[in-house]
Amino acid sequence: MKRFLPLPFYVKLACVLISILLLGYLAKIGDTILIPMILGLLFSLLLIPLSNFLERRLRFPRTLAGILSVILFFGVLGYGLFLLASQLTLLKEDFPAFKQQIMDGVSNLQTWVSHQFGIQHKDQIDFINKTASKSVDSGTLFLGTALVSLSSMFILFVFTFLYTFFLLIYRGHVVKFLLFVNRVEDRPIVVDVIKQVQYVVKKYLIGLLIQMSLVSLLVFIVLSLIGVKYSLLLALITGVFNVLPYVGIFSSMLIIAILTFATSSFTHVVLVIIALIIVHMIDSNFIVPKIVGSKVKVNSLFAMLSIIIGEMVWGISGMFLAIPILAIVKIVMDRIKELKPWGFLLGEEDSKDEVYKDLFDTLNPVEKKIIEENEPKE
């Protein structure tokens, strides 16, 4: 019979906090390895049905099926980025008008500041010149940072491609390892976790693509009705930025407002902002709950918290990976007895949830009454 040494609460708390700090530190310093590996895992889970089709229906060897699946996927992804880049080149035609509109706006702003605060144009220009001088001094550093970012993106793309390919062809080997490393009585739980993770990731990524398409279509329609130039380009930008939950829509709103101001009137800018707010409300209340949210049952509080932590640790990549990682963690917690309360905490409030029922059955009448008093009214 195994005996465990009981530890005081403060010792357990210290161990948990130290473990979290160590994991966060390792994630931070290992981002070059972990980010493409996690992306490769997500993409390989998405491509498993295609690889299985090539292997079982067309009798392709696994290696050939894997490389064809990965090339096809990244080819479609690269073609989409190429279309977006080709649309961006159209902006150069309106660059003179954009520059003139910005200059006029700055001039009007200077006049308003002079009238409201009594700061003369000369003092404003001196301030702008000092700021510009500092910007020029840091230009070399900015250029170096930009070059490093481009090289990092290239490395991320190459490593993600390789990880996706290798995880796809060695998926059976990884599953066998997960089964062998666990006890016989725990293997049904491991199989259940693997199936659920594959299902949730696949549905989440497909739902994300559908969400991007619907948001781009809605934005394209409203911008075309308003009469905004480059409505297709701005709609694609909004769809791509919308991948970042909560943050993307407001970033795209700022970009679209600036481009609209440069090519149109201030009235159009106001109409565009109102239209994007309406599209965001439709996306948040109808598209996400029905298409994306139904597959990833994580409550908004911890979703937002995970996005913030992901940005702090891994930047934009962390914001994109935060919700899938949180969903996988919840799946694992829901199937481990000791971690079920934490899985329940991460999930949506649903009285029909199996984890909730298991926890509710262990409560005494007084505890059940307290919970029932705090339940939302239907």
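Residues numbered from 1 in each chain as written. Predicted model: local features only at pLDDT ≥ 70, side-chain atom pairs only at ≥ 80, totals over all residues. Heavy atoms only, no water.

Bringing the overall build of the protein into the picture now. Looking only at helices and strands, the protein has 16 helices and zero strands in total. Here the protein, with 378 residues, has 30% of them falling under the buried criterion. Expressed as a percentage of contacts within the protein between residues at least 6 apart in sequence, the contacts between residues at least 24 apart total 65%. Carbon and sulfur atoms make up 72% of the accessible area of the protein, which amounts to about 24900 Å² in all. (Helix = DSSP H or I, 4+ residues; strand = E, 2+ residues; numbered from the N terminus. Buried < 20%, exposed > 50% of the residue type's maximum accessible area, 1.4 Å probe, protein only. Contact = heavy atoms within 4.5 Å. Areas by Shrake-Rupley, 256 points an atom, 1.4 Å probe, with all protein chains shown as cover.)

Quick look at unusual backbone geometry now. Phi is mostly negative for residues that are not glycine, and the peptide bonds are mostly trans. Phi angles above zero are rare outside glycine, and Arg-59 is one such case at about 60°. Position of Arg-59 among the secondary structure elements: in the loop between helix 2 (31-56) and helix 3 (62-88). A relative accessible area of 70% means that Arg-59 is categorised as exposed.

Right, let's talk about the environment of Leu-68 for a bit. With respect to the helices and strands, Leu-68 occurs in helix 3. For Leu-68, a relative accessible area of 36% gives the class partly exposed. Separated by 97 residues in sequence, Leu-68 and Phe-165 have C-alpha atoms that sit 9.4 Å apart. Excluding anything up to four places from it in sequence, Leu-68 contacts Leu-54 and Phe-60.

Turning to the environment of Lys-340, a few remarks are in order. Here Lys-340 lies in helix 14 (residues 340-346). On a C-alpha basis, the gap between Lys-340 and Lys-330 in space is 8.8 Å, while along the polypeptide they are ten residues apart.

What follows deals with the nonpolar core. Counting 40 residues, the largest nonpolar core has Leu-205, Phe-320 and Leu-321 as its most contacted members. At the level of secondary structure, the elements contributing two or more residues to this core comprise helix 2, helix 3, helix 6 (139-169), helix 8 (187-226), helix 12 (300-314) and helix 13 (316-334). The contacts of Leu-321, once residues within four sequence positions are left out, are Ile-35, Ile-38, Leu-39, Leu-42 and Trp-314. Of all hydrophobic cores here, the second largest spans 19 residues; its members include Tyr-230, Leu-234, Met-253 and Val-272. (Core = buried A, V, L, I, M, F, W, Y, C linked by side-chain atoms within 4.5 Å.)

This part is about helix 2. Relative to the 38 Å expected for 26 residues at 1.5 Å per residue, helix 2 spans 36 Å between its end C-alpha atoms, a close match to the ideal helical length. Along helix 2, the helix axis deviates most sharply at Leu-47, where the bend reaches about 45°; the proline Pro-49 sits within four residues downstream. (Expected span 1.5 Å × (residues − 1). Bend = angle between axes of the 7 residues up to and from the residue.)

Along an α-helix, residues three or four apart share an orientation, since each turn contains 3.6 residues. Taking 1.5 Å as the rise per residue, helix 12 with 15 residues should run 21 Å; its terminal C-alpha atoms sit 20 Å apart, in good agreement. Residues of helix 12 that are buried make contact with helix 1 (9-29), helix 2, helix 13 and helix 14. One or two residues past the end of helix 12 sits Gly-315, with phi positive at roughly 75°.

This brings us to the confidence of the model for the protein. This prediction gives the protein a mean pLDDT of 77; 71% of its residues lie at or above 70. For residues 132-148, every residue scores under 50 in pLDDT, and the model assigns this stretch zero contacts once sequence neighbours within four places are set aside. (pLDDT = per-residue confidence, 0-100.)

Moving on, we come to the packing of aromatic side chains. Going through the model one piece at a time under the given rule, you end up with six aromatic pairs. Seen in terms of ring centroids, Phe-43 and Phe-73 are 4.9 Å apart; in terms of plane orientation they differ by 50°. Their pairing is tilted. One end of the pair, Phe-43, is in helix 2; the other, Phe-73, is in helix 3, with 30 residues separating them in the sequence. The pair formed by Phe-43 and Phe-73 is uniform in burial state, with each residue classed as buried. An aromatic cluster of three or more residues is present, and its members are Phe-43, Phe-73, Phe-74, Phe-157 and Phe-161. (Phe/Tyr/Trp six-rings, centres within 6.5 Å; stacked < 30°, edge-to-face > 60°.)

By the secondary structure assignment, Thr-160 is in helix 6. Take Thr-160: its relative accessible area is 3%, and that puts it in the buried class. Here Leu-156 takes part through its backbone oxygen, which lies 2.6 Å from a polar atom of the side chain of Thr-160. Setting aside its immediate chain neighbours within four residues, Thr-160 contacts Pro-36, Leu-39, Gly-40, Phe-43 and Phe-74. (Polar contact = N/O pair within 3.5 Å; in protein donor to acceptor, adjacent residues only side chain to side chain.)

Mapped onto the secondary structure, Arg-171 falls in helix 7 (residues 171-180). For Arg-171, a relative accessible area of 13% gives the class buried. Every residue in contact with Arg-171, bar those within four places of it in the chain, is listed here: Ile-48, Ser-51, Asn-52, Glu-55 and Arg-62.

By the definition in use, this model includes six salt bridges. Across the pair Arg-183 and Glu-185 runs a salt bridge whose closest N-O atoms are separated by 3.6 Å. Note on Arg-183: relative accessible area 52%, which makes it exposed. Among the ionic pairs, Asp-334 bridges to Lys-330, the shortest N-O distance being 2.7 Å. With Asp-334 and Lys-330 both in helix 13, this residue pair falls four residues apart, about one helical turn. (Salt bridge = Lys/Arg side-chain N within 4 Å of Asp/Glu carboxyl O.)

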